[in-house]
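Remarks on the overall topology
In case you want the letters, here they are:
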Amino acid sequence: MTSAAGIRAELKVTGVANCPVASVSKAENSGYALSRSMGTNTDGSVTEEFVFDSDAGVTDEMEQLFDYGDGTVYRFARESDIGCPCERIEAFDCPVVDVQTRDGALFLTFHAPNVETLRDVVASLRASADTVDVSRLLQSSSDESRDLVLVERGQLTDRQREVLEKAHDMGYFDHPRRANKGEVATELGITTSTFSEHLAMAQKKLMGAILQD
């Protein structure tokens, strides 16, 4: 049997304008999703239940359903196809398995079949939110889960990518090196100092993505 190669992604999404629960959590409230209707209601709406730790920011449209003591279940209906983060993720056949909200931010967990799908999901989310931060990625393997980091190549300028690719192709990063700074710079038609500047900035961006908490 072939081992699974899917990816578990945990994202933090901020600046979402079309999410009722994110709006509630801006009012010093936090919560987590309890359940969500699988399909739309007859009027085209979607029913959701969410647990909030207080009633701050709760709207009149949200019906109080059950009190746990440290949190209250609220049920509400919202329009479907509004392009909210959950809908954007599930448009790629990736069901959202966990939703939490805090200080207006959404914390979403889902499983993607591969890196390509994950990149598409993140790109779609960034089209409707202020920021999308990858909190954690895990890839399953036959013996254990491996930590992954999603490095967005769009963080690099075209020139920085060109410098990295040329340095890599010429063996600048090999040990021992097959090319020095001057040789790579000459091939690129730039000065050695310019090469060093572009390379340092590109490496700083990549290391920042890899080493982020």
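Look up a bit, the structure's there.
Everything numeric here is computed off the predicted structure, so don't read it as measured data.

1. Concerning the side chain of Ser80
Here Ser80 shows up in the loop between strand E5 (72-79) and helix H2 (85-90). Here Ser80 falls in the buried class, since its relative accessible area comes to 18%. Engagement of the side chain of Ser80 in a polar contact is seen with the backbone oxygen of Gly44, the distance being 2.7 Å. If near-sequence neighbours (up to four positions away) are discounted, Ser80 is found in contact with Thr40, Gly44, Ser45, Val46 and Glu87.

2. Regarding a nonpolar patch on the surface
Where nonpolar side chains cluster on the molecular surface, the patch consists of Tyr32, Leu34, Leu65, Phe66 and Tyr68 and spans about 480 Å² of accessible area. Of all the secondary-structure elements, those providing two or more residues to the nonpolar patch are strand E2 (30-36) and strand E4 (63-67). For Phe66, the position within the fold is in strand E4.

3. Some thoughts on the pattern of salt bridges
Taken as a whole and judged by the stated rule, the model has seven salt bridges. Between Glu165 and Arg161 there is a salt bridge, and its shortest N-O distance comes to 3.9 Å. Of this pair, Glu165 and Arg161 both sit in helix H4 (residues 158-169), four residues apart, which is roughly one turn of the helix. Of the charged contacts, one joins Asp174 and Arg178 as a salt bridge, the two residues approaching to 2.7 Å between their closest N and O atoms.

4. A closer look at the packing of aromatic side chains
The tally for this structure, following the rule as stated, stands at five aromatic pairs. With a centroid separation of 5.9 Å and an interplanar angle of 50°, the aromatic rings of Phe52 and Tyr74 are classed as tilted. Here Tyr74 lies in strand E5 and Phe52 lies in strand E3 (residues 45-52), a separation of 22 residues in the sequence. As far as the burial class goes, Phe52 and Tyr74 line up, both buried. Geometrically, the ring pair formed by Tyr172 and Phe173 is edge-to-face, given 5.3 Å between the ring centres and 80° between the ring planes.

5. Some words on the environment of Asp53
Considering the arrangement of structural elements, one finds Asp53 in the loop between E3 and E4. In this structure Asp53 comes out as partly exposed when scored by relative accessible area, which is 42%. For the pair Asp53 and Ser30, spaced 23 residues apart in the sequence, the C-alpha separation amounts to 5.9 Å. Non-local contacts of Asp53, meaning those with residues more than four positions away in its chain, are made with Asn29, Ser30, Asp70 and Gly71.

6. Quick word on the nonpolar core
In terms of nonpolar packing, the biggest core is built from 32 residues, with Val13, Ile89, Leu106, Phe110 and Leu118 touching the most fellow members. Counting 13 residues, the second-largest nonpolar core is a separate cluster that includes Leu164, Ala179, Ile190 and Leu199.

Conventions and cut-offs
- Residues numbered from 1 in each chain as written.
- Predicted model: local features only at pLDDT ≥ 70, side-chain atom pairs only at ≥ 80, totals over all residues.
- Heavy atoms only, no water.
- Helix = DSSP H or I, 4+ residues; strand = E, 2+ residues; numbered from the N terminus.
- Buried < 20%, exposed > 50% of the residue type's maximum accessible area, 1.4 Å probe, protein only.
- Polar contact = N/O pair within 3.5 Å; in protein donor to acceptor, adjacent residues only side chain to side chain.
- Contact = heavy atoms within 4.5 Å.
- Patch = residues over 30% accessible without salt bridge, like charges linked within 9 Å, V, L, I, M, F, W, Y side chains within 5 Å.
- Areas by Shrake-Rupley, 256 points an atom, 1.4 Å probe, with all protein chains shown as cover.
- Salt bridge = Lys/Arg side-chain N within 4 Å of Asp/Glu carboxyl O.
- Phe/Tyr/Trp six-rings, centres within 6.5 Å; stacked < 30°, edge-to-face > 60°.
- Core = buried A, V, L, I, M, F, W, Y, C linked by side-chain atoms within 4.5 Å.

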